Amino acid sequence: MPETGACVPDDLNPLRPDFWRLPGPQRQAAFARLRARDQPVLVEEGERGRTFALVRHCDVTEASRRPEVFRSAPGATTPPPARWVQALFGASMVNLDGPEHARLRGVVARAFTPRILARAEDDIRRTADRVVDGIAGAAGGDGTGDFVAAVAAPMPFHVLCRMMGIPEAERERIQVLIDRASEHVGLDRTLAQRLRTPGRGLRALAGMHRIVARVGRERRERPGDDLISRLVAPDRDGQSLSSRELGAFFSLLLVAGVETTRNALAHGLHLLTVHPGQREVLLSGLDAHLDTAVEEIVRHSTPIHQFRRTVAGEYGGGPGGYRPGDRVVLCYGSANRDERVFADPEAFDVTRSPNPHLGFGGGGPHYCLGAHLARQEIRAVLHALFTRYPDVHTTAPPSVPPTSFDHRVARLPFRLSVPRGTMRV
């Protein structure tokens, strides 16, 4: 049952921008205090209704698997997208429910044919090798550089572009548009900052939609062996994506898919730097430990902080139950440190098993469609990286903007090797 009574103080409220400016350990300590309340926590109450933070593993899982009660519409992000934005650009699958969501997800899921997935797996390995082979040049003469720019960002971007069938001539432009579309997501900005760049993100989104719409038209006339061709051609049920639906899916896949995998890769290298014992375990048997290491990196870093749901009807019964219109925030990072589920949850353990983390969602109809590909990408990069450069390490903590939406890494300084006679940072 959700708690009733007074809202939590601001320093415990994950909806407040200041909460996300706290150092990571302080945020985790705050979440631990919220989990100790043993129920969903009331964090805001006002004219727009009540909002609860779901901080326990069981509560996030329940809300994820009861879509008839906990609805993604009108929006899964905070704040939800404006209606005119959804009308103009199409509704993303993350903001849809019921038959409409099921139809779109079904079209997309059926487009991931065994042939496309097999080719994507081969391409992931080749791309990881190519990106890692180029890391020395990206690092410069002293062997240092930015791991995000050199490896973590280009890896998922090129994999997804090739899988979708985006022409190489369009990719540099798309990369710029992705950065612009996602640069302010979840960030608290002053009014002056918002006025200085009016519509910058929306213009970038429109630019991406124009590109993919043009590619979609070309694939309808001349289909290829790629994901866009499958999405715009009627499937066995006669279903396909319209140009607007294709644009919404493309934006979701590139912004969400690229950003989350990029962040997991960056956090992963830093975790393996600051936990040298775990690094030694991993390097003692890459093939034996990589799968569990990938799961632990996703659990510990949790690339997406939170999504929200809106309660469709009374649920739970009694005075402590949910009411229609209540909002809940699914706090994945807190759920992934739940003491009831994970032994020593603050520890980073590359052999942790079982590891029922919620880094790709809590199950249900909105579970991440790209989870399998993301796991493969992280695994392939780490295998290629530590095979070629077993001593690669970060030289400073990741630069993490204070965003409430994703565990974004803007920059991560790294060094390929430790000069003889020096001490690792």
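Here goes a summary of the coordinates provided.

Scoring rules and cut-offs
- Residues numbered from 1 in each chain as written.
- Predicted model: local features only at pLDDT ≥ 70, side-chain atom pairs only at ≥ 80, totals over all residues.
- Heavy atoms only, no water.
- Helix = DSSP H or I, 4+ residues; strand = E, 2+ residues; numbered from the N terminus.
- Rg over C-alpha atoms; globule rule 2.2 N^0.38 Å.
- Buried < 20%, exposed > 50% of the residue type's maximum accessible area, 1.4 Å probe, protein only.
- Contact = heavy atoms within 4.5 Å.
- Areas by Shrake-Rupley, 256 points an atom, 1.4 Å probe, with all protein chains shown as cover.
- Lys, Arg positive; Asp, Glu negative; His and termini not counted.
- Charge placed at Lys NZ, Arg CZ, Asp CG, Glu CD.
- Pairing = 2+ DSSP bridges.
- Axes fitted to C-alpha atoms, helices over the stretch in contact; angles between N-to-C directions.
- 1 Å grid on protein atoms, 1.4 Å probe; cavity = no way out; pocket = protein on both sides within 12 Å on 5 of 7 lines; lining within 4 Å.
- Points joined across faces, edges and corners; volume = space filled by probe spheres on them.
- Nonpolar A, V, L, I, M, F, W, Y, C, P; charged D, E, K, R; others polar.
- Core = buried A, V, L, I, M, F, W, Y, C linked by side-chain atoms within 4.5 Å.

What the protein contains, in helices and strands, is 17 helices and eight strands. Against the compact-globule benchmark of 22 Å for 425 residues, the protein has a radius of gyration of 22 Å, which places it among compact chains. Burial analysis of the protein (425 residues in total) assigns 51% to the buried set. Within the protein, counting contacts between residues at least 6 apart in sequence, those at least 24 apart form 72% of the total. Total accessible area on the protein stands at roughly 18,800 Å², and carbon and sulfur atoms take up 54% of it. For the protein, the distance from the average position of its 57 positive side-chain charges to the average position of its 49 negative side-chain charges is 4 Å.

Strand order in the open sheet made by the five strands is β1-β2-β6-β5-β3, with mixed pairing throughout. Each of the sheet's edge strands pairs with one partner strand only, and the pair in question is β1 (41-46) and β3 (70-71). Relative to strand β2 (residues 49-54), β1 runs antiparallel, the two being bridged by five bridges. Bridged to E44 within β2 is T51. Relative to the sheet, helix α2 (residues 57-64) contacts β2, β3 and β6 (327-331), its axis offset from that of β6 by approximately 120°.

Turning our eyes to something else, we now look at the layout of surface pockets. Considered as a void within the structure, the second largest pocket measures approximately 570 Å³ in volume. Around the second largest pocket sit 27 residues that line it, and G24, R27, H300, R337 and H407 are the ones nearest its centre. No other element matches the five residues that helix α1 (residues 24-35) contributes to the lining of the second largest pocket. A class-by-class count of the residues in the lining of the second largest pocket yields eleven nonpolar, twelve polar and four charged.

Core analysis: the biggest nonpolar cluster contains 83 residues, and F147, L227, L231, F249 and F414 have the highest contact counts within it. Looking at which element gives the most residues to this core, the answer is helix α13 (residues 243-274), with twelve residues. Leave out the neighbours within four places in its chain, and F147 touches A152, L265, A266, L269, L385, L412 and F414. Counting residues in hydrophobic clusters, the runner-up holds 19 residues, among them L54, V69, V328 and A335.

This part takes up empty space enclosed by the protein. A complete count under the given rule lists two cavities of 30 Å³ or more for this structure. Taken as a whole, the largest cavity spans an internal volume of roughly 70 Å³. Residue lining of the largest cavity: A91, S92, M93, L104, V108, L241, E245, A248, F249 and L252, and that is the complete set. Counting residues per element, the ones that place at least two in the lining of the largest cavity are α4 (98-111) and α13. With four residues, the single largest contributor to the lining of the largest cavity is α13. For the lining of the largest cavity, the residue count by class is eight nonpolar, one polar and one charged. Taken together, A63, S64, P67, F70, S72, R309 and H366 form the lining of the second largest cavity. Of the residues contributing to the lining of the second largest cavity, the split by class is three nonpolar, three polar and one charged.

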